[in-house]
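Per-entry structural report
Here is what each chain is made of, one letter per residue.
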Amino acid sequence: MPVIPVIVNARSGPDANKDDAGDIKAAFHEHGMDAHVTVMQPDNDIARTVDAVLAGGAGLLVAGGGDGTINAVAARLLDKDTTYGVLPLGTLNHFARDLGIPFDIAEAATVIAADQTITVDVGEVNDRIFLNNSSIGLYPRIVAEREHAQKRLGIGKWPALIHATWNALRHPSSFNAVVCVDGKELHRRTPFIFVGNNAYVMEGFGIGKRERLDAGLLSLYVLRPKTAFGLLSLGFRALFGIGSHVDDFESFEATDFRVDSERASIMVATDGEVNAMSTPVQFRIRARSLRVLVPVQAQAQDAGRQA
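Let me begin by describing the structure that accompanies this report. (Residues numbered from 1 in each chain as written. Predicted model: local features only at pLDDT ≥ 70, side-chain atom pairs only at ≥ 80, totals over all residues. Heavy atoms only, no water.)

A separate point is the overall build of the protein chain. Each helix and strand counted, the protein chain has 9 helices and 16 strands in total. Every one of the 307 residues in the protein chain was classed for burial, and the buried ones make up 45%. When contacts within the protein chain are restricted to residue pairs at least 6 apart in sequence, long-range pairs at least 24 apart make up 68% of them. Of the roughly 14900 Å² of accessible surface on the protein chain, a fraction of 52% belongs to carbon and sulfur atoms. (Helix = DSSP H or I, 4+ residues; strand = E, 2+ residues; numbered from the N terminus. Buried < 20%, exposed > 50% of the residue type's maximum accessible area, 1.4 Å probe, protein only. Contact = heavy atoms within 4.5 Å. Areas by Shrake-Rupley, 256 points an atom, 1.4 Å probe, with all protein chains shown as cover.)

What follows is the structure in structure tokens.
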């Protein structure tokens, strides 16, 4: 029975005692595989754990968690022969969703057992990668205010997120940015810059999804200036999939972008994690740099695009 290394982020909140390790072992055992599960605690070093697994010559590494955990493990696998299996155990699971990977552990294990591999693109800003997106302005501010509200008000993540989002949309702030696209410098004042790993759907119920992750391009969306009412309307329409957002943003596609600011450093979000970065910030695509297991139909679509 082949041994499969699995790195899982420990649950928090109401699901803290959920036995993901037991469920994962059982799911893999159904396919004749022995899952060796390492449950990562908040103070554990994921990079060191992944590197230890790779040093042992693993040809397959599986990670379970939300987008932050999936990102952290993927960062150690870029441009390597090791194949990546994803178990979506987070709240949103954007990367797994866009690859068509089911959120149920048993079904996701079936995808991994089928051994259908594609190579996908990864975005990079300065020295950090993103599998989904990176942003400047409104979203990093919401994350910072959410964390502040959790500590100051003693409330949970979701109530704090609603509180922070409401405050940010009611009191919008814009910043001056110089965006370099295809050698041209564009001077813009905006509340929000969003960079996607490949193109995002910008209308209807499909908003926020991607049809492919291997086009070799970044998508850049610069939000046009908005009043508080305009931002609240935008957030409401996005939440309920109403209408199109094409006219709300200037959009561009390229293999790289540069964003400069009046400030020496700015807060930049990458797959939900926020960090201060020195300006200018440089975005680039790392085309087909990650080998990942996907459902058979997704693998067939990838083969069709390459034909």
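From this point on, the discussion continues.
Looking now at the pairing of strand 5 (residues 117-125). Of all 9 residues that make up strand 5, 7 are buried, and the element is covered over most of its length. The pairing of strand 5 with strand 16 (residues 281-293) spans 8 bridges and is classified as antiparallel. The residue of strand 16 that forms the bridge with valine 125 is phenylalanine 283. Counted along the chain from strand 5 to the antiparallel partner strand 6 (residues 128-130), the turn is 2 residues long, and its residue asparagine 126 has a positive phi close to 50°. (Pairing = 2+ DSSP bridges.)

With that settled, the discussion passes to the pattern of salt bridges. Oppositely charged side chains are able to pair whenever their charged atoms sit close together. Tallied over the full model, the rule gives 13 salt bridges. In this structure, the salt-bridge partner of arginine 284 is glutamate 124, at a minimum N-O distance of 2.6 Å. On the criterion of sequence distance, the pair formed by arginine 284 in strand 16 and glutamate 124 in strand 5 is long-range, its members being 160 residues apart. Among the residues examined, glutamate 124 registers a relative accessible area of 11% and is labelled buried. The closest approach of N and O atoms between arginine 146 and glutamate 147, which form a salt bridge, is 3.7 Å. Taken together, the shared-partner salt bridges connect Asp79, Glu124, Arg284 and Arg286 into one network. (Salt bridge = Lys/Arg side-chain N within 4 Å of Asp/Glu carboxyl O.)

Moving on to helix 6 (residues 138-153). Residues lying three or four places apart along an α-helix face the same way, a consequence of the helix completing one turn every 3.6 residues. Compared with an ideal rise of 1.5 Å per residue, which puts 16 residues at 22 Å, helix 6 spans 21 Å between its outermost C-alpha atoms and is within 8% of the ideal. Every buried residue of helix 6 is accounted for by Leu138, Pro140, Ile142, Val143, Arg146 and Ala149. Downstream of helix 6 by one or two residues, glycine 154 has phi in the positive range, about 65°. (Expected span 1.5 Å × (residues − 1).)

Two strands in a sheet stick together by hydrogen bonds in their backbones, pointing the same way (parallel) or opposite ways (antiparallel). If you walk across this open sheet you meet the 6 strands as 12-11-10-7-14-15, and the pairing is antiparallel. The open sheet is flanked by strand 12 (249-254) and strand 15 (273-278), the only strands paired with a single partner. The average undirected angle you get between the axes of adjacent strands in this sheet is 20°. In the sheet, strand 11 (residues 218-223) pairs with strand 12 via 6 bridges, with the strands oriented antiparallel. Residue pairing across strands places leucine 218 opposite alanine 254, the latter belonging to strand 12. Helix-sheet contacts for helix 6 involve strand 7 (133-137), strand 10 (192-197), strand 14 (265-270) and strand 15, and the interaxial angle to strand 7 is about 85°. (Axes fitted to C-alpha atoms, helices over the stretch in contact; angles between N-to-C directions.)

This part covers the pairing of strand 10. Among the 6 residues of strand 10, 6 are classified as buried, and the element is accordingly described as predominantly covered. Here strand 10 shows two buried faces, one formed by Phe192, Phe194 and Gly196 and the other by Ile193, Val195 and Asn197. Note that strand 7 and strand 10 share 5 bridges and pair antiparallel. By the bridge assignment, serine 135 is partnered in strand 10 with phenylalanine 194. Judged from the 5 bridges that link them, strand 10 and strand 11 form a sheet pairing that is antiparallel. Paired with glycine 196 across the bridge in strand 11 is serine 219.

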